[in-house]
Amino acid sequence: MRLHGKVRLRSINRKVNIMSSFRELANDWVLKAHIYEPGRPIEEVARELKLNPDKVIKLASNENSLSPSPRAIKAMIKAAAQMHRYPDGGAFYLKKNLAKKLKIDPSCLIIGNGSNEIIELLGHVFLDETSNIVMAERAFVVYRLVAEMFSATVESIPMFKFTHDLKSMATIINGDTKIVFIGNPNNPTGTMVDGKAIDIFMQSIPDHVVVCFDEAYIELLPENKQPDTLKYVKQGRNVIILRTFSKTYGLAGLRVGYGIAPQECIELLNKARQPFNVNAMALAAAQAALNDDVFVRRTRKLVTDGLHYFCKSFKAMKLEYIPSVANFVLLKTGNGREVYQKLMQHGVIVRPMDPYGMPEYIRVTVGTDKENRHFIKALVKVLK
């Protein structure tokens, strides 16, 4: 019997080894999916290139170079002593304060682990192998990645002068289209479409399509230049607006964003949302930062001044760039990946744009005045 047991065990082991690798067990659409390339951390670059981390600057991920909102920092310190408790799974107070600021009902809000999580929730609720999404070719790559993970088809339209061509996007919507994604302002081009263009676009959208306005950078604009997309939510249209505390409020490390949509849409997204998806410190920081108008004004000035300096410098260097309304600029440098690698040797991390099909470009975030000048000096050396 013992011998029989050993033989049988060997047989089972042999069968397991024959069975499959992880790749063979994985879903086909996962094998075909692309991987998002994030901006490299300062510590990683410093370690790899044997640089002093204090001398390396990161202008790669469109972060707020000032810091987190000071109000948020105080709230985080206070919240730290309560980290043994689970967060408020419904984000009651943050939604209450957001609703007051936006003049909407709290039932029209969902809080996410960054607005990226809400893009994924849209996939869970609306996408499958029979559906498609519509997006611009040079829009945020995560729209495409999420569609791939739910086996949906991606229908993309070339941009017009690096800006969403809403008229052309409307023409490719068909019966299988579930979501249209519009990054406004758009990452990585820094361009935007105005309220008039959006109004015309919305007049042509059929009822079976959800329009997602991704407004991660919207608060960087003065309020009079922000398109009024909230009116569509208030009208009960099939619209969801995505916003985040990562950019304007400087809370990228905490990962907290939100979606605004009619109540019916929010209820469906909550079915797919994990409980306690946003941590307690992020909730406290976001709530405190929300009304930090002084910090928002400082951030806008930093971006305005930085963009002016960059554009002046690029013109002097006779470099092509895309005029931006966000906190970054798309710059044509030739071989973008090579320039990116050489800039790291000078302690500057930017973002190469070949993953977006723009191999001649890099994207650079507006930093502090000192960081911006460091970048321009390094760029002059690299391009020589």
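Residues numbered from 1 in each chain as written. Predicted model: local features only at pLDDT ≥ 70, side-chain atom pairs only at ≥ 80, totals over all residues. Heavy atoms only, no water.

**Points about the state of the cysteines**
Piece 1. In this structure the tally under the stated criterion is zero disulfides.
Piece 2. Cysteine Cys-265 is unpaired, with the sulfur of Cys-212 as its nearest cysteine sulfur at 9.2 Å.
Piece 3. Overall, Cys-265 belongs to the buried group, its relative accessible area being 13%. (Disulfide = S-S within 2.5 Å. Buried < 20%, exposed > 50% of the residue type's maximum accessible area, 1.4 Å probe, protein only.)

**Overview of the sheet that holds strand S10 (residues 328-332)**
Piece 1. Reading across the sheet, the four strands line up as S9-S10-S13-S12 and stay open at both edges, with antiparallel pairing between neighbours. Each edge of the open sheet carries a strand with a single partner, namely strand S9 (321-322) and strand S12 (351-352).
Piece 2. Relative to strand S13 (residues 361-365), S12 is paired through two bridges, and the arrangement is antiparallel. Its bridge partner lying in S13, Pro-352 is registered against Ile-362.
Piece 3. Of the strands in this sheet, S12 and S13 touch helix H15 (residues 336-345), which is tilted by about 45° from S13. (Pairing = 2+ DSSP bridges. Helix = DSSP H or I, 4+ residues; strand = E, 2+ residues; numbered from the N terminus. Contact = heavy atoms within 4.5 Å. Axes fitted to C-alpha atoms, helices over the stretch in contact; angles between N-to-C directions.)

**Remarks on the packing of aromatic side chains**
For any pair of aromatic rings, geometry is given as the distance between the ring centres together with the angle between the planes.
Piece 1. Scanning all chains against the criterion turns up twelve aromatic pairs.
Piece 2. Centre to centre, the rings of Phe-140 and Tyr-143 are 5.7 Å apart; their planes meet at 90°, and the pair counts as edge-to-face.
Piece 3. Phe-140 sits in the buried class, given a relative accessible area of 11%.
Piece 4. Taking 6.3 Å as the distance between ring centres and 40° as the angle between the ring planes, the aromatic pair formed by Tyr-309 and Phe-310 counts as tilted.
Piece 5. Taken together through their ring pairs, the aromatic side chains of Tyr-309, Phe-310, Phe-314, Tyr-321 and Phe-375 make up a single cluster.
Piece 6. Stacked on the ring of Phe-328, the Lys or Arg Arg-363 has its end atom at 5.7 Å from the ring centre. (Phe/Tyr/Trp six-rings, centres within 6.5 Å; stacked < 30°, edge-to-face > 60°. Lys NZ or Arg CZ within 6 Å of the ring centre and 35° of its normal.)

**Describing the side chain of Asp-214**
Piece 1. Residue placement: Asp-214 occurs in strand S6 (residues 210-214).
Piece 2. Despite its burial, Asp-214 remains without a salt bridge, the nearest opposite charge being carried by Arg-243 at 8.6 Å.
Piece 3. At 2.8 Å, the side chain of Asp-214 and the side chain of Tyr-143 are in polar contact.
Piece 4. In contact with Asp-214, other than residues within four places in its own chain, are Ile-119, Phe-140, Tyr-143, Ile-182, Gly-183, Asn-184, Pro-185 and Leu-242. (Lys, Arg positive; Asp, Glu negative; His and termini not counted. Salt bridge = Lys/Arg side-chain N within 4 Å of Asp/Glu carboxyl O. Polar contact = N/O pair within 3.5 Å; in protein donor to acceptor, adjacent residues only side chain to side chain.)

**Observations concerning the sheet that holds strand S2 (residues 109-112)**
Piece 1. In space, the seven strands of this open sheet follow the order S2-S8-S7-S6-S5-S3-S4, with mixed pairing throughout. The sheet is open, and its two borders are formed by S2 and strand S4 (153-157), each paired with just one other strand. Strand-to-strand, the axes of this sheet are offset by a mean angle of 20°, without reference to chain direction.
Piece 2. Against the sheet, helix H10 (residues 195-203) touches strand S5 (177-183), S6 and strand S7 (239-244), its axis set at about 165° to S6.

**So, helix H5 (residues 70-80)**
Every α-helix carries 3.6 residues per turn, so stepping three or four residues along brings you back to the same face.
Piece 1. Every buried residue of H5 is accounted for by Ala-72, Ala-75, Met-76 and Ala-79. Buried residues along H5 cover an arc of 105° about the axis, so they all sit on one side. For H5, the exposed residues lying more than 90 degrees away from the buried face are Lys-74, Ile-77 and Lys-78.
Piece 2. The inward-facing, buried residues of H5 contact helix H13 (280-289). (Arc of directions from axis to C-beta.)

**Brief notes about the packing of helix H6 (residues 92-102) against H13**
Piece 1. Where H6 meets H13, the axes come as close as 9 Å, and the angle between the chain directions of the two elements is 20°. When the interaxial angle is binned, H6 and H13 end up roughly parallel. Handedness of the H6/H13 crossing: left-handed. Touching Tyr-93, Leu-94 and Asn-97 of H6 are Leu-283, Ala-286 and Gln-287, all from H13.
Piece 2. Looking at the contact of H6 with H13, its residues break down into four nonpolar, two polar and no charged. (Parallel < 35°, antiparallel > 145°, perpendicular 65-115°, else oblique. Left-handed = near helix turned anticlockwise from the far one by under 90°. Nonpolar A, V, L, I, M, F, W, Y, C, P; charged D, E, K, R; others polar.)

**With respect to the pairing of strand S3 (residues 132-136)**
Piece 1. Of all the five residues making up S3, five are buried; the element is thus mostly covered by neighbouring parts of the structure.
Piece 2. Here S3 shows no split at all, with Asn-132, Val-134 and Ala-136 on one side and Ile-133 and Met-135 on the other all buried.
Piece 3. By the bridge criterion, five bridges tie S3 to S4 in an arrangement that is parallel. In the sheet register, Asn-132 faces S4, and the bridge partner there is Thr-153.
Piece 4. Each parallel crossover has a hand, and for S3 linked through helix H8 (residues 141-149) to S4 it is right-handed. (Right-handed = clockwise from strand over helix to strand, strands pointing away.)

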